[in-house]
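What follows is the residue order along each chain.
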Amino acid sequence: KVLNAALRVAVRDGFVGVKRDVVAREARVGKATVSYAFGDLPLLRNAVVEHAMKHQQWKVVGEALVAQNGRAKRLSDAEKHRAYASLN
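Residues numbered from 1 in each chain as written. Predicted model: local features only at pLDDT ≥ 70, side-chain atom pairs only at ≥ 80, totals over all residues. Heavy atoms only, no water.

Engineer: Please explain the packing of aromatic side chains as it appears in this structure.
Structural biologist: For any pair of aromatic rings, the description rests on two quantities: the centre-to-centre distance and the angle between the ring planes. Scanning the model with the defined rule gives zero aromatic pairs in all. Stacked on the ring of Phe15, the Lys or Arg Arg45 has its end atom at 5.7 Å from the ring centre. (Phe/Tyr/Trp six-rings, centres within 6.5 Å; stacked < 30°, edge-to-face > 60°. Lys NZ or Arg CZ within 6 Å of the ring centre and 35° of its normal.)

This is the structure:
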């Protein structure tokens with residue numbers, strides 16, 4: 001539920017728009033629930049990258065690359081290419 005909400009936020013507001021309070025509002029849970037489930041903001045954003053890849057939301061992944069997200073930087077070259085191509 002929370003991860004799906006985080007992906008909706010990323011699609012709607014962009015990857016850098018993924019913040020614990022915004023995700024909590026979208027998921028209709030408390031901010032503490034988001035923090036408990038994912039820890040700090042970088043871990044939440046890493047999970048969003050994984051979820052975006054699973055759901056082929058390549059624009060979100062591309063935005064994560066531009067934002068220098070740690071998980072996104074470890075993608076294969078083919079995945080990076082696909083993500084960057086989605087930004088055009």
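Engineer: Any chance you could explain the side chain of His51 here in plain terms?
Structural biologist: One can find His51 in helix H4 (residues 41–54). Residue His51 is classed as buried on the basis of its relative accessible area of 9%. Beyond its immediate chain neighbours, meaning those up to four positions away, His51 contacts Leu3, Asn4 and Leu7. (Helix = DSSP H or I, 4+ residues; strand = E, 2+ residues; numbered from the N terminus. Buried < 20%, exposed > 50% of the residue type's maximum accessible area, 1.4 Å probe, protein only. Contact = heavy atoms within 4.5 Å.)

Engineer: Explain the environment of Arg28 here, please?
Structural biologist: Among the structural elements, Arg28 can be located in the loop between helix H2 (20–27) and helix H3 (31–38). C-alpha separation for the pair Arg28 and Lys1, spaced 27 residues apart in sequence, amounts to 9.3 Å.

Engineer: I'm lost on H4 in this one. Help?
Structural biologist: Note that an α-helix has 3.6 residues per turn; residues three or four places apart therefore point the same way. For H4, spanning 14 residues, the distance from its first C-alpha to its last is 20 Å, which sits close to the expected 20 Å at 1.5 Å a residue. Where H4 is concerned, the buried positions are Leu44, Arg45, Ala47, Val48, Val49, His51, Ala52 and Met53. Trailing H4 by a residue or two, Gln56 shows a phi angle of about 55°, which is positive. (Expected span 1.5 Å × (residues − 1).)

Engineer: It is not clear to me how the pattern of salt bridges should be interpreted in this structure. Could you clarify?
Structural biologist: Pairing between side chains of opposite charge can happen when their charged atoms approach one another. Considering all chains together, one arrives at five salt bridges under this definition. Residue Arg12 pairs with Glu26 through a salt bridge whose shortest N-O separation is 2.7 Å. One end of the pair, Arg12, is in helix H1 (residues 2–13); the other, Glu26, is in helix H2, with 14 residues separating them in the sequence. We classify Glu26 as partly exposed; its relative accessible area is 24%. One salt bridge in this structure joins Glu63 and Lys59, with 3.9 Å as the shortest N-O distance. Taken as a pair, Glu63 and Lys59 lie in helix H5 (residues 58–66) at a separation of four residues, close to a single helical turn. On the accessibility criterion, Glu63 (21% relative accessible area) is partly exposed. (Salt bridge = Lys/Arg side-chain N within 4 Å of Asp/Glu carboxyl O.)

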